[in-house]
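# Structure at a glance
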Amino acid sequence: MNRLARHRLLWPVLVLVLLLATNVAFTDGFLSVQMKDGHLYGSLIDIIRFGAPLILVAIGMTLVIATGGIDLSVGSMVAISGALACLRISELDDQNAVGGVLAVIGLALVLSLVLGVWNGFLVAGIGIQPIIATLILMVAGRGLAQLVTDGQIITVNSVPYKLVGGGYWLTVPFCILIVLVVLALTAFLTRRLALGLLIESVGGNAEASRLAGIRSRGLIIVVYAFCGLCAGIAGLMISSNVSSADGNNAGLWIELDAILAVVIGGTSLAGGRFSLGGTVLGALIIQTLTTTIYSIGVPPETTLLFKALVVTLVCLLQSPTFREKVFHRPRRGAPPASAGADTKVRVTA
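Residues numbered from 1 in each chain as written. Predicted model: local features only at pLDDT ≥ 70, side-chain atom pairs only at ≥ 80, totals over all residues. Heavy atoms only, no water.

## Brief notes about helix H13 (residues 276-295)
Our working rule: Going along the chain from the N terminus, every DSSP run of H or I of four or more residues is numbered as a helix, and every run of E of two or more is numbered as a strand. To estimate the expected span of a helix, count its residues, drop one, and scale the result by 1.5 Å. Note on exposure labels: buried denotes an accessible area under 20% of the residue type's maximum, exposed denotes more than 50%, and partly exposed covers the range between, all computed with a 1.4 Å probe on protein chains only. Polar contact criterion, stated in full: a pair of N or O atoms within 3.5 Å, where within protein one must be able to donate a hydrogen and the other to accept it, and residues adjacent in sequence count only if both atoms are side-chain atoms.
Taking 1.5 Å per residue as the helical rise, H13 with its 20 residues ought to reach 28 Å, and the 29 Å between its terminal C-alpha atoms agrees with that figure. A large share of H13 lies buried, amounting to 14 of its 20 residues. Sitting at the head of H13, Ser-275 places a side-chain oxygen 3.0 Å from the backbone nitrogen of Gly-278. Downstream of H13 by a residue or two, Gly-297 has a phi angle that is positive, lying close to 80°.

Next up, the structure:
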């Protein structure tokens, strides 16, 4: 029990359970999952489906933060990816051509990968602080997305593209399957191979890892490239789900939600050890919180404040220092401090 109480994911799990219980109280049949037309439907399925883009971005952000960095440009990369894909699909002679749609998706992902490499080059190659390096693309990238769309909302009518974010496969939303594949691949590369240990070494002490023979610069570039790729896939999901691209609002502030998900999941912003499972849990908490806000009827003008208060509470409960100061009680049978000091004096004498 003591080990369970000290587990870093205990409080996030309890908060998630509390949020789900709140939704059960306000929404009839919230936990029910039904099969309609060969597809799974239900509030729980919707939470995972709508949270899939955030989970993807948060997975990439986890590895970046584990190296001691940060990526504020993922929201702009989400917008760029969706804008480019919808623009190219709208120019196809046949928007339902599978080959053409796959080529467009590949083009959008390659661009996202290149943008991630650019961030990594600024951080590792030139030595710019991560928050400044990614802030450049955060601002410029949003403008680039609006240039791609010409400031308009581009709509498409493509059945193959709709599958990415709004379709189903094997009764399950296809976006959930994409998240599972990316998560499993990331977990395999970082936990079954030495890649995870190298990332944690760079995040713990980049100079020491370099002296130990680890190519920290190349590793940092790879991590930022992977984060950009995850953001690109998320952008495809978001634009596919609504069959349109909005360069101004797509992925807006998703970088902040991703950072919060990583922190809630127990990964330190200082770098070092990271938890993919904790990140997924944090993203689910944020998406469930959004659902709870709508279900209990929180006024729209106070939504962001309510969300901030809940996230702050979760972070405080997860902090060992905060719990020690607020909930600490002297152990039963432990001698007072003064008695311990007297004993030490007598032994010394």
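## Observations concerning the packing of helix H5 (residues 98-126) against helix H11 (residues 216-242)
Cut-off, in case you're wondering: The axes are straight lines fitted to the C-alpha atoms, using for helices just the contacting stretch, and the angles between their N-to-C directions are given from 0 to 180°. Here a crossing is called left-handed whenever its near helix is offset anticlockwise from the far helix by less than a right angle, and right-handed whenever the offset is clockwise. Should any heavy atoms of two residues lie within 4.5 Å, those residues are counted as being in contact. Side-chain classes are defined by residue name, with Ala, Val, Leu, Ile, Met, Phe, Trp, Tyr, Cys and Pro counting as nonpolar, Asp, Glu, Lys and Arg as charged, and the others, Gly among them, as polar.
Close contact between H5 and H11 brings their axes to 7 Å; oriented N to C, the two are set at 145°. Between H5 and H11 lies a crossing of right-handed hand. Between H5 and H11, the contacting residues are Ile-105, Ala-108, Leu-109, Ser-112, Leu-113, Gly-116, Val-117, Asn-119, Gly-120, Phe-121, Val-123 and Ala-124 on the first element and Arg-217, Ile-220, Ile-221, Tyr-224, Ala-225, Gly-228, Leu-229, Gly-232, Ile-233 and Leu-236 on the second. Per-class residue counts for the contact of H5 with H11 are 15 nonpolar, six polar and one charged.

## Observations regarding the layout of surface pockets
The condition that has to hold: Note on definitions: the grid is 1 Å and covers protein atoms alone; a cavity is a set of points where a 1.4 Å probe fits but cannot get out; a pocket is an open set with protein on both sides within 12 Å along at least five of seven lines; lining residues have an atom within 4 Å of a point. Grid points are joined across faces, edges and corners, and a volume is the space filled by probe spheres set on the points.
Roughly 1000 Å³ of internal volume is contained in the largest pocket. Every residue lining the largest pocket is counted, 33 residues in all, and those nearest its centre are Leu-252, Asp-257, Gln-287, Thr-290 and Lys-307. Elements with a minimum of two residues in the lining of the largest pocket: helix H3 (43-66), H11, strand E6 (244-245), helix H12 (254-264), H13 and helix H14 (303-318).

## Details of the packing of H3 against H11
For clarity, the cut-off: By definition in this entry, angles of less than 35 degrees are roughly parallel, angles greater than 145 are roughly antiparallel, angles of 65 to 115 are roughly perpendicular, and the rest are oblique.
The N-to-C vectors of H3 and H11 enclose an angle of 170°; their axes lie 8 Å apart at closest approach. In terms of orientation, H3 lies roughly antiparallel with respect to H11. For the pair H3 and H11, the contacting residues are Arg-49, Phe-50, Ala-52, Pro-53, Leu-56, Val-57, Ile-59, Gly-60, Met-61, Leu-63 and Val-64 in the first and Val-223, Tyr-224, Phe-226, Cys-227, Cys-230, Ala-231, Ile-233, Ala-234, Met-237, Ile-238 and Asn-241 in the second. Across the contact of H3 with H11, the residue classes tally to 19 nonpolar, two polar and one charged.

## Remarks on the nonpolar core
Going by this rule: In this text, buried Ala, Val, Leu, Ile, Met, Phe, Trp, Tyr and Cys residues form a nonpolar core when linked through side-chain atoms within 4.5 Å.
By size, the foremost hydrophobic cluster in this structure holds 82 residues, and its most contacted members are Tyr-161 and Met-237. Ranked by the residues each element gives to this core, the list is headed by H3, at 12 residues. With residues near it in sequence (within four places) discarded, Tyr-161 still touches Ala-85, Cys-86, Ile-89, Val-101, Ile-105, Val-156, Leu-236, Ser-239 and Ser-240.

## Observations regarding unusual backbone geometry
In this structure, Asp-37 is a non-glycine residue whose phi angle is positive, near 55°. With respect to the secondary-structure elements, Asp-37 resides in the loop between strand E1 (34-36) and strand E2 (39-41). Here Ser-243, not a glycine, exhibits a phi torsion of approximately 55°, which is positive. With relative accessibility at 17%, the residue Ser-243 sits in the buried group.

## Some details on helix H9 (residues 195-204)
Rules: Taken from the helix axis, the directions to the C-beta atoms give the arc we talk about.
Looking only at H9, the buried set comprises Gly-196, Ile-199, Glu-200, Val-202 and Gly-203. Angular distribution of buried residues about the axis of H9 spans 160°; they occupy a single face of the element. Opposite its buried face, H9 presents the exposed residues Leu-197 and Gly-204, each directed more than 90 degrees away.

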